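Structural features, examined
The primary structure of each chain is shown beneath.
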Amino acid sequence: MNKETLTSYLKLLACDGVGVLSARKLLDLSKNVNSLFDASNKQFFADFNIPKSIQNALLQFDRNDVVQEELKFIEKNHIQCVGILDDEYPKMLKECADAPILLFYKGDLSLLDNNCLAIVGTRKISAYGKEVTANLMEHLLSYKPTIVSGMAYGVDIAAYHEARKFNLPVVGIMGTSFKKLYPAMHKNFYTDLFNNGLIITEYAGFNTLVPELFTRRNRIIAGLCSATVVIESAETGGSLSTAYFANDYSREVYAVPGKITDDFSKGCLRLIHENRAQLLYNFDHLITDLNWNTTVEPNKQVEVKKEINLNDFTNLQQTILKTLQNEPLHIDELALQTELSMSVLNAELMMLELNGIVVGLPGKVFKVKE
């Protein structure tokens, strides 16, 4: 990114009165971040009926001092930047309406071209949580997904360690700017990813550090990934926000079940109870759901496709299979066409999945298994 364009992006970030959604809308309309601060570009504002308050904020911008300071910091620390109008901007994140307009990063941005899986959870990880995280990473080894982590204490850093142990690529998403690596105790892990992975933030040094930044950060974790796995969480744990963002983006969410008496299982159980997450009962069904097992392993016999005999199924299951015979359908559309209640439909789909007849795809889409 050239200096002029980066300067314009930083000005847009620093512009009081222009939030993330407004900035994204402006860029979607203008297709040119530099033109937004051009006083001669008044026709653009008129054509798209841009509110007067936003016009004034852009054309009367007076925070050039903080922008210049940030430019010096970026150059001195070899930080790279990618804007939402750039082809290199992560494609899955760009699909999200509230995606950041600018990402600051150090490391290999191409790691986000892989299949990406978010691993989130409590900062007070238990021995059970550590065991599940380690087993999950070992199971993922042959599929080589990129693991996305918030790099906080607990589940986040356990996911980092286990992924690195199995040589899986790791991307860390910060809730702070590069001026303040948090937590400071993880500085060596950040340095490792600068050289052997990727660290991303949406925050510039002039952003005020407040707790809300970490919650906003979670939308990036969810947005970059086809699925999010919640290992452990309290009933009101911060990691639940990542799951909610993933729900909003129609991405898959999986939650690891635990004892109802364990405080840090209650968040996962709540997600499952509210149909916000699938119960992660083994790792194979996650791989199948995400369609990562499309290559035949060496020395593994190819299964012969069996023809489905509808007479082998209940009337309700026959209705579902007939509806799915032509194309995959979102669960809402499937419920509409079959005229089945959501509770009945979910129960029948579960039985069909367990029997290997139907497969669930990301975004709660279902199809007959080929």
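These lines cover the structure that appears in this document, whether it is placed above or below. Predicted model, so just to flag it, every value in this text is computed and none were measured. (Residues numbered from 1 in each chain as written. Predicted model: local features only at pLDDT ≥ 70, side-chain atom pairs only at ≥ 80, totals over all residues. Heavy atoms only, no water.)

**What to know about helix H2 (residues 20–30)**
Operational definition: Only protein chains enter the accessibility calculation, which uses a 1.4 Å probe. A residue is then buried if its area is under 20% of the maximum for its type, exposed if over 50%, and partly exposed in between. A run of H or I in DSSP counts as a helix once it spans at least four residues, and a run of E counts as a strand once it spans at least two, with each numbered from the N terminus. Arc definition: it is the arc formed by the directions from the helix axis to the C-beta atoms. Should any heavy atoms of two residues lie within 4.5 Å, those residues are counted as being in contact.
Along H2, the residues classified as buried are Ala-23, Arg-24, Leu-26, Leu-27 and Ser-30. Axial view of H2: buried residues confined to an arc of 160°, hence all on one face. Looking at H2, the residues exposed on the side facing more than 90 degrees away from the buried face are Leu-21 and Lys-25. In this structure, the buried residues of H2 make contact with helix H1 (3–14), helix H3 (42–47), helix H4 (52–59) and helix H6 (91–94).

**Topic: the pairing of strand S7 (residues 227–230)**
For clarity, the cut-off: Between any two strands, at least two bridges found by DSSP are needed for them to pair. Look down the strands so they point away from you; if the path from the first strand over the helix to the second goes clockwise, the crossover is right-handed.
Of the two faces of S7, both are covered, the one formed by Ala-227 and Val-229 as well as the one formed by Thr-228 and Val-230. Where strand S3 (residues 116–120) meets S7, four bridges bridge the pair, whose relative direction is parallel. By the bridge assignment for S7, Ile-119 is matched with Val-229. Pairing between S7 and strand S8 (residues 252–255): four bridges, direction parallel. Looking at S8, one finds that Thr-228 is bridged to Val-253. Crossover S7 to S8 through helix H11 (residues 239–248) is right-handed.

**Quick word on the packing of helix H10 (residues 212–223) against H11**
Stated precisely, the cut-off is as follows: Angles here are taken between N-to-C directions and fall from 0 to 180 degrees, while the axes themselves are lines fitted to C-alpha atoms, restricted in helices to the stretch in contact. Orientation is classified from the angle alone, with under 35 degrees giving roughly parallel, over 145 giving roughly antiparallel, 65 to 115 giving roughly perpendicular, and any other angle giving oblique. Rotating anticlockwise by less than a right angle from the far helix to the near helix defines a left-handed crossing, while the corresponding clockwise rotation defines a right-handed one. We call Asp, Glu, Lys and Arg charged. Ala, Val, Leu, Ile, Met, Phe, Trp, Tyr, Cys and Pro are nonpolar, and the rest, Gly among them, are polar.
Across the interface, H10 lies against H11 with an axial gap of 8 Å and an inter-helix angle of 50°. One way to sum up the angle between H10 and H11 is to call them oblique. Note that H10 runs across H11; the crossing there is right-handed. Here Thr-215, Asn-218, Arg-219, Ile-221 and Ala-222 of H10 come into contact with H11, specifically with Ser-241, Thr-242, Phe-245 and Ala-246. Classifying every residue of the contact of H10 with H11 gives four nonpolar, four polar and one charged.

**What to know about the packing of aromatic side chains**
Put simply, the rule is: Note on aromatic pairs: the rings of Phe, Tyr and Trp (six-membered ring only in Trp) are paired at centre separations within 6.5 Å, and the planes decide the class, stacked below 30 degrees, edge-to-face beyond 60, tilted for the rest.
Taken as a whole and assessed by the stated rule, the structure comprises seven aromatic pairs. Between Phe-37 and Phe-61 the ring centres are 6.0 Å apart and the planes differ by 70°, which places this aromatic pair in the edge-to-face class. Taken together, the positions of Phe-37 in the loop between H2 and H3 and Phe-61 in the loop between H4 and helix H5 (64–76) put the pair 24 residues apart, joining distant regions of the chain. Taken as a pair, Phe-37 and Phe-61 share a single burial class, namely buried. Considering the side-chain rings of Tyr-160 and Phe-189, the 5.2 Å spacing of their centres and the 40° angle between planes classify their relative orientation as tilted. Of this pair, Tyr-160 sits in helix H8 (residues 155–165) while Phe-189 sits in helix H9 (residues 187–196); the two residues are 29 residues apart in sequence, bridging distant segments of the chain. Tyr-160 gets classed as buried once you look at its relative accessible area, which sits at 5%. On the basis of relative accessible area, Phe-189 is assigned to the partly exposed category, the value being 22%.

**Describing the layout of surface pockets**
Using the following cut-off: The distinction between a cavity and a pocket rests on a 1 Å grid over the protein atoms alone: a 1.4 Å probe fits inside a cavity but cannot get out, while a pocket stays open yet meets protein on both sides within 12 Å along at least five of seven lines, and a residue with an atom within 4 Å of a point counts as lining. Grid points are joined across faces, edges and corners, and a volume is the space filled by probe spheres set on the points.
The space that makes up the second largest pocket amounts to roughly 370 Å³. If you trace the second largest pocket, you find 23 residues lining it, with Gly-121, Arg-123, Gly-237, Gly-238 and Ser-239 closest to the centre. Mapped by element, the contributors of at least two residues to the lining of the second largest pocket are H10 and H11. Examining the composition of the lining of the second largest pocket, we find that five residues originate from one element, H10, more than from any other.

**Observations regarding the pattern of salt bridges**
Proximity of charged atoms lets side chains of opposite charge pair with each other. Rule in force here: Within this document, salt bridges are pairs made up of a side-chain nitrogen of Lys or Arg and a carboxyl oxygen of Asp or Glu, the two lying within 4 Å of each other.
Scanning the entire structure with this criterion turns up 12 salt bridges. Among the salt bridges present, the one from Arg-251 reaches Glu-95, with a minimum N-O distance of 3.1 Å. One end of the pair, Arg-251, is in the loop between H11 and S8; the other, Glu-95, is in the loop between H6 and strand S2 (102–107), with 156 residues separating them in the sequence. Residue class for Glu-95 comes out exposed when judged on its relative accessible area of 59%. Residue Glu-202 pairs with Arg-216 through a salt bridge whose shortest N-O separation is 3.8 Å. Taken together, the residues Glu-202 in the loop between strand S6 (198–201) and H10 and Arg-216 in helix H10 connect sequence positions 14 residues apart.

**Things to note about the sheet that holds strand S12 (residues 365–368)**
Consider a sheet: its strands pair through backbone hydrogen bonds, and that pairing is either parallel or antiparallel. Taking strand neighbours across the sheet as the criterion, the three strands line up as S10-S12-S11 in an open arrangement whose pairing is antiparallel. Strands with a single pairing partner mark the edges of an open sheet, and in this sheet they are strand S10 (329–330) and strand S11 (358–361). The pairing of S11 with S12 spans four bridges and is antiparallel. Bridge pairing links Val-358 to Val-368 in S12. On top of the sheet, helix H14 (residues 315–324) reaches S10, S11 and S12; it is set at about 95° to S12, its chief contact.

**So, the sheet that holds strand S9 (residues 278–279)**
The nine strands lie next to each other as S1-S2-S6-S5-S4-S3-S7-S8-S9, forming an open sheet whose pairing is mixed. The open sheet has two free edges, formed respectively by strand S1 (80–83) and S9, since each of these has just one partner strand. Pairing analysis gives four bridges linking S1 to S2, with the strands arranged antiparallel. Residue pairing for S2: Cys-81 is matched across the bridge by Phe-104. Helix-sheet contacts for H11 involve S3, S7 and S8, and the interaxial angle to S7 is about 155°. Along the sheet face, helix H12 (residues 266–273) touches S7, S8 and S9 and points at about 130° away from the line of S8.

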